[in-house]
Structure formats: structure tokens, C-alpha cells
Amino acid sequence: MASQLLQQVRIINPLTKTDQVADVLIEDGYIKSVNQKISDIPNDASIYDCQSLILGPGLVDLYSHSGEPGFEERETVASFLKAACAGGFTRVTLLPNTSPSIDNPAVVAQLQQLHKNSNLNSLSNPSSLPLLNIWGAITKDVKGEKMTELADLKNAGTVGFADGDALNNLALVRRVLEYLQPLRKPAAFWCCDRNISADGIMREGADSIQWGLPGNPSASETSAIAALLELVANTFTPIHIMRVSTARSVELIEDAKAKGLPVTASTTWMHLLLDTSSVKTYHTALNLEPPLGNPKDMMALRQGVRQGILDAIAIDHSPFTYEEKTVAFAQAPPGAIGLELALPLLWQNLVETGEFTALELWKALSINPAECLKQSQSNILVGEKAELTLFNPQETWKVESKNLHSLSNNTLWFGEELTGKVVRIWC
């Protein structure tokens, strides 16, 4: 493998809490040197002028969806990985909502083989294949009332357990928490009481009344989180709370952490950028689960990430075809793509505005999600493996089919010009 010298690149290193400009030499997939100026350059080195570019640890996505198996017209594993690579992600984690679902070792093996066979030759650096983590399903029947063989899924190589949908049977959740204890694998839960959310499709409040859409009260989330935290207090099984979307949820998680409960939590990138006021466009890419929060919710989520109450920012990439999304807002399946869009939009709206520091954002997108998965993330130090993302915050590009690697384009920003693009990744 040829050497690469990145000259005068801005290095954002959340592990050492440093933000500096230096030269970085990468040889054979490892960081050979980091210095203010590197003069001892190997003969085979490719030299890149990286002034104004940003180098950080590879981004890690906690949970997202692929269409394959079952819905290959939405996304294949190969297109999913291409989108991840183009978006700066060196590790991605698939939710089990496929068809068949990831509830047995055979499906895990199928996805692992698809990952191994993925062809990324259309990318500028095809040798960089993101690591594919796989969540094993917690339940295996349509009603979500029967537990999978958790130990078998662990032995098949899953990173942990999640359903990607809400589990409202608290007796089953308690039993799951008890079974999970000896497995020592992460378990992620999305908290939503379907009896309370009913047919609500946007967060209840003044905007839902104004836009004439059924409201989903915040209590559908907060009551479910409170119940789950009570079970965790009883079993002391570590959990991760997915898709946090309300201000009250942040308070509940902060209180749980203060009491020493083994809890981590995440919100999604779109819930940090948008609130219910955006729904006035009735753009079906804004039909999400959980729905976008009210303005105070969005601000509380941002503050929760900055303070570390919410450990990570997840992408929750959810591809759907044009036909599936070209319907009335209430009839559209919830979800939007995001792997290729999240970093530039978060950077421009949170870092460039001064609300987040570069270190705060990068930490929530890289080392923190890795820790939630009980994985370690490489440091930008001599001798470490090069798991890196190189980002140009000033490059502009248009969000259109020819520039997207995802097979789907269900996003609010389709057709718009964005500022900020990933140059390449090292895996």
C-alpha cells in the first residue's frame, strides 16, 4: 500500500481533546508520523496539500437501515456501504428490520457475506470498506412477543441486540434484560408507547394543530423511557436508549445517569437540525419515527449532546423508493436517508454557527458511538491504525441522484446545494 502524506491538515482528535494543524504520514494502513512538518518523506508517498481540510477519527453510525434482504429496490448492502463511505463513516450498524429479519444466524451470515462481496470500485478509494456491524433482533414474531435465541445471535457475530421498533410488553422487556446480563453485549431500545402515540404522525403541540396533522404527545416517549429505566434499576443491565426526541426524555436520562444506572443514549441528526415548524412543507421525508420535536425539544437535544447526557448522534438512515414516499404525508412510511448528508449539514448548522465546537460534534459522531457499541476507536497518534475521515468543509455539491450513492433519495435536501463533502476515508 502506497504511503500518503497529508500536509497541514486540521486534526480533530476527541480522545486527546486536541484541535491542531500538522502533517500526517500514513504507511501500510498505520499512522507513521504526526508532526508540525514532516521532512522525511518516503519515495512512494503521495503528497496532498490539505490546508483547509479536516482529519478526524472515522465516523461511526449506531443504527441505520438497509433494504437488503427483502427490499433491494430501496437499498442493497453494497449501496449502503457506498453511501456510508461517501459520508465519512468507517463503521455502520444495521438494524434487524429486514425481510427476513435478522433473528437467526443464517441471516447474519448472509449479510456478512454480502459485506465481504461488496464492490466499491465506483468510489475514489475503493480499498476502504467500512466495517459492517449487525444488530441481532430481540424478538422474532410479528407481534414482538417471543424472544430470539440471543446466545445464538451473539455467537453468529452480532454486535448486540435491538428491534428497531418499540417493545411495549414490559414483562418481556424485563425478561430480555435478565437474559442479556451474561451475554455482555449492548442492547438498544426505542421507547414509544403505541397506546399513547395512537395515530399521531407529528409531535403534538401548536404546530400540529396549525398544520392539521394528528399529534403524537411527548408522553408516548417519556412514559416508555421512565418504565424502561425502572426495569434497568431493577436488573442493572446496561442499555442504550435510541432516538431520544424530547426535552423531558433528556431530563429522565440525566437523572438516571446521576443515579449511576448503566445507560447510554442517542438522538438522530435530523432531530438536532429540524423541529415541528419544518413540517409545514408536508415533505414526506419529514415523516419520521419518532417525529420531529417542538423547538424546545430540539434545543434540549442539542444541549444534551454538548453536555454528554446524550452520548451519540445516530443517522438512522432509512431509504424508501420514490413511489413509497410520493403519497400524502400521513400515508408515507416514516424515515429519511442521511449517511451522505449528516456530516456536512451538522457541520454547517452547528459548528460553523459556533453552537458546537468541532471536537464536540466529532466526538458525538465517532468515539462516543463506538463506546456505546463497546468498541474502541483508533486515536490519531503514531502507531495507531489509520481509521480516519478526511473532510472538506468548504466544498459545495448538489444533492441529486448522480451524486448520491444511496439507491433512494428521500430527503428534504434533495435538489439543494450543500457545503461540505467527505474527501475520503481510511478503514
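Each remark here, short or long, concerns the structure printed above.
Residues numbered from 1 in each chain as written. Predicted model: local features only at pLDDT ≥ 70, side-chain atom pairs only at ≥ 80, totals over all residues. Heavy atoms only, no water.

### Observations regarding the overall build of the chain
Turning to step 1, where the next piece is worked out: Of the regular secondary structure elements, the chain holds 14 helices and 17 strands.
Turning to step 2, where the next piece is worked out: Relative to its length of 427 residues, the chain is compact, with a C-alpha radius of gyration of 21 Å against a globular reference of 22 Å.
Turning to step 3, where the next piece is worked out: Seen through its C-alpha atoms, the chain measures out along the principal axes to roughly 65 × 50 × 45 Å.
Turning to step 4, where the next piece is worked out: Across the 427 residues that make up the chain, the buried fraction comes to 58%.
Turning to step 5, where the next piece is worked out: Looking at the chain alone, contacts between residues at least 24 apart form 74% of all its contacts between residues at least 6 apart.
Turning to step 6, where the next piece is worked out: A gap of 4 Å separates the mean positions of the 34 positive and 47 negative side-chain charges of the chain. (Helix = DSSP H or I, 4+ residues; strand = E, 2+ residues; numbered from the N terminus. Rg over C-alpha atoms; globule rule 2.2 N^0.38 Å. Buried < 20%, exposed > 50% of the residue type's maximum accessible area, 1.4 Å probe, protein only. Contact = heavy atoms within 4.5 Å. Lys, Arg positive; Asp, Glu negative; His and termini not counted. Charge placed at Lys NZ, Arg CZ, Asp CG, Glu CD.)

### Some thoughts on helix α7 (residues 219-235)
Turning to step 1, where the next piece is worked out: Between the first and last C-alpha of α7 there are 24 Å, a value that for 17 residues agrees with the 24 Å anticipated at 1.5 Å per step.
Turning to step 2, where the next piece is worked out: Those residues of α7 lying buried are S220, E221, T222, A224, I225, L228, L229, L231, V232 and T235. (Expected span 1.5 Å × (residues − 1).)

### A look at the packing of helix α12 (residues 342-351) against helix α13 (residues 358-365)
For any two helices packed against each other, the geometry comes down to the angle between their axes and how far apart the axes lie.
Turning to step 1, where the next piece is worked out: Put simply, α12 and α13 touch, their axes get as near as 10 Å, and they point 150° apart. For α12 against α13, the interelement crossing comes out right-handed. Side by side, α12 and α13 meet where L343, L346, W347 and V351 of the first sit next to A358, L361, W362 and L365 of the second.
Turning to step 2, where the next piece is worked out: Within the contact of α12 with α13, the residues separate by chemical class into eight nonpolar, no polar and no charged. (Axes fitted to C-alpha atoms, helices over the stretch in contact; angles between N-to-C directions. Left-handed = near helix turned anticlockwise from the far one by under 90°. Nonpolar A, V, L, I, M, F, W, Y, C, P; charged D, E, K, R; others polar.)

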